[in-house]
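So the chains spell out like this:
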Amino acid sequence: MLKDVVRTRSYQNVITQNSFLFKDKIVLDVGAGTGILSLFCAKAGAKHVYAIECSQMADMAKEIVKKNGFSDVITVIKGKVEEIELPVPKVDVIISEWMGYFLLFENMLDTVLYARDKWLVDDGVVLPDKASLHLTAIEDAEYKDDKIEFWNNVYGFDMSCIKKQAMMEPLVDTVDANQIVTNCQLLKTMDISKMSSGDASFTVPFKLVAERNDFIHALVAYFNVSFTKCHKLMGFSTGPRSKSTHWKQTVLYLEDVVTICEGETLSGSMTVAPNKKNPRDIDITLKYSIDGHRCKVSRTQQYKMR
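Described below are features of the structure shown in this document. Computed from a predicted model, the values in this text were never measured in an experiment.

Scoring rules and cut-offs
Residues numbered from 1 in each chain as written. Predicted model: local features only at pLDDT ≥ 70, side-chain atom pairs only at ≥ 80, totals over all residues. Heavy atoms only, no water. Buried < 20%, exposed > 50% of the residue type's maximum accessible area, 1.4 Å probe, protein only. Helix = DSSP H or I, 4+ residues; strand = E, 2+ residues; numbered from the N terminus. Pairing = 2+ DSSP bridges. Right-handed = clockwise from strand over helix to strand, strands pointing away. Phe/Tyr/Trp six-rings, centres within 6.5 Å; stacked < 30°, edge-to-face > 60°. Axes fitted to C-alpha atoms, helices over the stretch in contact; angles between N-to-C directions.

**Description of the pairing of strand S2 (residues 48-53)**
Of all six residues making up S2, six are buried, and the element is well covered by its neighbours. Burial along S2 is two-sided: the residues His48, Tyr50 and Ile52 and Val49, Ala51 and Glu53 are all buried. With five bridges connecting them, strand S1 (residues 26-30) and S2 associate as parallel partners. For leucine 28, the partnering residue across the bridge sits in S2 and is tyrosine 50. As for the winding sense of the linkage, the β-α-β connection from S1 through helix H2 (residues 36-43) to S2 is right-handed. Taking the sense of rotation as the criterion, the β-α-β connection linking S2, helix H3 (residues 57-67) and strand S3 (residues 74-78) turns out right-handed.

**Regarding the packing of aromatic side chains**
The full count for this structure, using the stated rule, is four aromatic pairs. Summarising the aromatic geometry, the rings of phenylalanine 150 and tryptophan 151 are spaced 5.0 Å apart at their centres and angled 75° between planes, so their arrangement reads as edge-to-face. With relative accessibility at 37%, the residue phenylalanine 150 sits in the partly exposed group. One aromatic cluster is present, formed by Phe223, Phe236 and Trp247 through successive ring pairs.

**Digging into the sheet that holds strand S13 (residues 265-274)**
In any sheet, the strands associate via hydrogen bonds between backbone groups, in a parallel or an antiparallel arrangement. The strand order S9-S13-S14-S15 describes an open sheet built from four strands, whose pairing is antiparallel. Only two strands of the sheet have a single neighbouring strand rather than two, namely strand S9 (202-209) and strand S15 (296-305). Taking the axes of each pair of neighbouring strands and ignoring which way they run, one obtains an average angle of 15° across the sheet. Across eight bridges, S13 lies against strand S14 (residues 282-291) in antiparallel orientation. Across the sheet, residue glycine 268 finds its bridge partner in S14, namely tyrosine 288.

Put into structure tokens, the structure is as follows:
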């Protein structure tokens, strides 16, 4: 993730180019990992940074902080945010790289919101403070054949019963922008400074309009992240038309091959919710329909990100 230049450089630029947010402030880094964001904050003039990391990486982070001469500014705390106590009653800034695949898969959003409600001062800043989920549709015959239709004939044997399982598992991969058939639509915007954890469950409608005559084999979801409290709006996109990141895009294959003509609409809704047994997993229900010249179809599909 450190080598993900889009991710790491975006955070670095936000911190170094907006030192007024950090100068003489108490900062909380949620899910600090190696402590890279804490180091950026300390360098930008933070009064003190509390870096919380629950994995073994916390031990490495302590060593990294010491090696770089920031032990007096950065305190690494090993443990879960929900279980630890800070040496201070309040913090001025919370920074975190909490996003997962499809924005919400295996994410740390609830943890960030918990920290916000417990420790952030009333006029405090959460970074990033906006995240948005987007949807588009692609032609992907070759890969769909390889991933899904493959099970029809596996070295001469019929394993098509596995197809259903394969269809239910969203694929995290890099999508070529040339495969995009429709417009890209904003599905959901989250304001991290104000939202509650329940807001991560939602049902939203969509209308995707074809920009050319083509086939649609899958829908593709991606997210954008914004830091709106900066001198000027900053952020990054994980979309297929942007520089690739380790989050890539999330591909949801359709049971139907949809034939669509330019100007026609594929419409429907998407329901997203944490899995009841394991909240870090995501359940997605996709409803879609088209009433076109060459294709008329209406279907509901279930997906599980595990």
